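Listed here are the chains, written in short residue letters.
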Amino acid sequence: MEKSHSDAYAKAGVDIQAGYEAVELMKRHIARTLPQEMTEAIGGFGGAFPLAGFHDMEEPVLVSGTDGVGTKIRLAQLAGIYNTIGIDCVAMCANDIVCVGARPLFFLDYIACGKNEPQRIASIVEGVAEGCVQAGCALIGGETAEHPGLMAEDDFDVAGFCVGIVDRKKMLDPQKVQAGDVLIALPSTGPHSNGFSLIRSVTNIEEVNVEAPVEKLDGLSLREALLEPTALYVKPILHLMEHVDIHAVAHITGGGFYENIPRALPQGMHAVIKKHDVRVPRVFTYLQDAGDISQHDMFNTFNMGVGMIALVGADEVDTALAALRETGVDAYVLGEVHPTCEVASEEDSSQKGIVLC
């Protein structure tokens, strides 16, 4: 009997049937994110999204973002928990595009793996779908690529791509930031998806039990303290835009305070932040002690408990804080914007756009 193509492909290391099974298992998760009229489109060659609901925009602008989960995936592998990193993937993309005021419309994921384990793939997509629900966008497509010989059987990577829309007149723009504007901090859920190569090194994560309670983490395990998904700030920021005139937003990702806050400022302005005003969660002091990391490097690597910063006029601070609390975000005032010439002699003034004193 002639051997089938699928038999030959299986011998080469690619299990087509496992791919079919994974698609079937993930369909119910994907369906949670879709408008009713789109649920029949799952599994097509291309993902479609209707734009009929945006005729009221004077000048609609599409905004896109792409990102991955990074080496946080290794912790998920060690813990055997796969339904949270999909949330991370969506959050890293959707949080970026909301920084310009865009509402996320749809998301696509890409999962590369050494061997397609349908349950594991479906669990990852379950997290992606949950992230899309939290961001208010549709999961309209994706790809699972099996890479035998290129990746070890248990290895996988996750990345994604998000597209949103905003009316040009409502786009957030750092050029709107003025002296006297106030920085409002939106707390993070932990390290989110940044700095995990350093985290894995200082915690010796390959050699320890990630489920064991850690006294210096108040009894939490490394898995509990570090695998917490990235917070999604889409709905809080969009809600905030309805109540105050946000001038700019900074997503605190890789590069921490020093790299990301200046991206939300115009030339000639500095953000001045007092370090003791930052509400630093225990996990960051634990990591700093474990790796003997300098304070500068901590603020240059991690979010330090601040996942996003919104810049608003001083006269709108109270309204902004109240609006964010309506979304369940315990936001707080973190600092203020000053002309660069006024802070030239301050500590850390050599850092472009930010003074941490």
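As shown above, the structure is provided for reference.
Residues numbered from 1 in each chain as written. Predicted model: local features only at pLDDT ≥ 70, side-chain atom pairs only at ≥ 80, totals over all residues. Heavy atoms only, no water.

**Q** Honestly, the layout of surface pockets in this entry has me stumped. Any pointers?
**A** Leftover empty space is mapped by rolling, across the atoms, a probe with the size of a water molecule. If you add up the space inside the second largest pocket, you get close to 410 Å³. If you go around the second largest pocket, you meet 13 residues; those closest to its centre are Met 57, Gly 101, Arg 103, Lys 170 and Leu 238. Sorting elements by how many residues they give to the lining of the second largest pocket places strand S4 (residues 156-167) first, with three residues. Partitioned by chemical class, the residues of the lining of the second largest pocket number six nonpolar, two polar and five charged. (1 Å grid on protein atoms, 1.4 Å probe; cavity = no way out; pocket = protein on both sides within 12 Å on 5 of 7 lines; lining within 4 Å. Points joined across faces, edges and corners; volume = space filled by probe spheres on them. Helix = DSSP H or I, 4+ residues; strand = E, 2+ residues; numbered from the N terminus. Nonpolar A, V, L, I, M, F, W, Y, C, P; charged D, E, K, R; others polar.)

**Q** Could you clarify how one ought to interpret the sheet that holds strand S7 (residues 269-273) in this entry?
**A** Backbone-to-backbone hydrogen bonds join strands into a sheet, with any given pair of strands oriented parallel or antiparallel. Taking strand neighbours across the sheet as the criterion, the six strands line up as S6-S8-S5-S9-S7-S10 in an open arrangement whose pairing is mixed. Looking at which strands have only one partner, the edges of the open sheet turn out to be strand S6 (246-251) and strand S10 (354-356). Between one strand and the next, the sheet's axes are offset by a mean angle of 25°, whatever the strand orientation. Here strand S5 (residues 182-187) pairs with strand S8 (residues 306-312) via six bridges, running antiparallel. Bridge pairing in S8 places Leu 183 opposite Leu 311. (Pairing = 2+ DSSP bridges. Axes fitted to C-alpha atoms, helices over the stretch in contact; angles between N-to-C directions.)

**Q** Would you explain the pattern of salt bridges in this entry?
**A** Where charged atoms from two side chains of opposite charge come close, those side chains can pair. Counted by the stated rule, this structure contains six salt bridges. Of the charged contacts in the structure, one is a salt bridge between Glu 206 and Arg 74, with a shortest N-O distance of 2.7 Å. A residue pair is termed long-range when its members are at least 10 positions apart, and Glu 206 in the loop between helix H6 (196-202) and helix H7 (222-226) and Arg 74 in helix H3 (residues 72-79) qualify at 132 residues. Judged by relative accessible area, which is 40%, Glu 206 ranks as partly exposed. Judged by relative accessible area, which is 28%, Arg 74 ranks as partly exposed. (Salt bridge = Lys/Arg side-chain N within 4 Å of Asp/Glu carboxyl O. Buried < 20%, exposed > 50% of the residue type's maximum accessible area, 1.4 Å probe, protein only.)

**Q** Looking at this structure, how should I read the nonpolar core?
**A** Among the nonpolar cores identified, the biggest contains 110 residues, and Phe 107, Phe 257, Ile 261 and Leu 334 are the most heavily contacted of them. In terms of residue count, the dominant contributor to this core is helix H4 (residues 85-97) (eight residues). (Core = buried A, V, L, I, M, F, W, Y, C linked by side-chain atoms within 4.5 Å.)

**Q** Quick question: what am I supposed to make of the packing of H4 against helix H5 (residues 118-135) here?
**A** Between two packed helices, what matters for the description is the angle formed by their axes and the separation of those axes. Contact geometry of H4 with H5 gives a least axis separation of 6 Å together with a crossing angle of 40°. Considering the angle they form, H4 stands oblique to H5. In this structure, H4 meets H5 at a crossing whose hand is right-handed. Between H4, through Ile 85, Gly 86, Ile 87, Val 90 and Ala 94, and H5, the contact on the second element is made entirely by Ile 124, Gly 127, Val 128, Glu 130, Gly 131, Cys 132, Gln 134 and Ala 135. Classifying every residue of the contact of H4 with H5 by side-chain character gives eight nonpolar, four polar and one charged. (Parallel < 35°, antiparallel > 145°, perpendicular 65-115°, else oblique. Left-handed = near helix turned anticlockwise from the far one by under 90°. Contact = heavy atoms within 4.5 Å.)

**Q** Please clarify how the environment of Lys 352 should be interpreted in this entry.
**A** Among the structural elements, Lys 352 can be located in the loop between strand S9 (332-339) and S10. For the pair Lys 352 and Pro 262, spaced 90 residues apart in sequence, the C-alpha separation works out to 6.8 Å. The residues contacting Lys 352, other than those within four sequence positions of it, are Tyr 258, Pro 262 and His 270.

**Q** Teacher, can you tell me more about the packing of helix H8 (residues 234-241) against helix H12 (residues 317-326) here?
**A** Relative orientation of the contacting elements H8 and H12 amounts to 140°, with a least axis distance of 9 Å. Judged by the inter-axis angle, H8 sits oblique to H12. Pair H8 / H12 crosses with right-handed handedness. The residues of H12 that touch H8, namely those facing Pro 236, His 239 and Leu 240, are Ala 320, Ala 323, Leu 324 and Glu 326. The class makeup of the residues in the contact of H8 with H12 is five nonpolar, one polar and one charged.

**Q** Would you mind going over the pairing of S7 with me for this structure?
**A** Side-chain direction in a regular strand flips from residue to residue, so the side chains alternate between the two faces of the sheet. Counting buried residues in S7 gives five out of five residues, a clear majority hidden from the surface. Burial along S7 is two-sided: Met 269, Ala 271 and Ile 273 and His 270 and Val 272, pointing in opposite directions, are all buried. Bridging between S7 and S9 involves five bridges; their strand directions are antiparallel. What sits directly across from Ala 271, in S9, is Val 337. Of the strand pairs in this sheet, S7 and S10 are connected by three bridges, and their pairing is parallel. Paired with Ala 271 across the bridge in S10 is Ile 354.

**Q** What is the right way to read the sheet that holds S4 from this model?
**A** Judged by pairing direction, the sheet is mixed, and its four strands sit side by side in the order S1-S4-S2-S3 without closing on themselves. With one partner strand each, in any of the chains shown, strand S1 (60-68) and strand S3 (138-146) form the two edges of the open sheet. Shown here is a sheet whose adjacent strand axes are inclined to one another by a mean of 15°, direction ignored. Bridging between S1 and S4 involves nine bridges; their strand directions are antiparallel. From the neighbouring strand, Gly 68 faces S4, where its bridge partner is Ala 159.

Everything listed is a geometric property; what it means functionally is a separate question.
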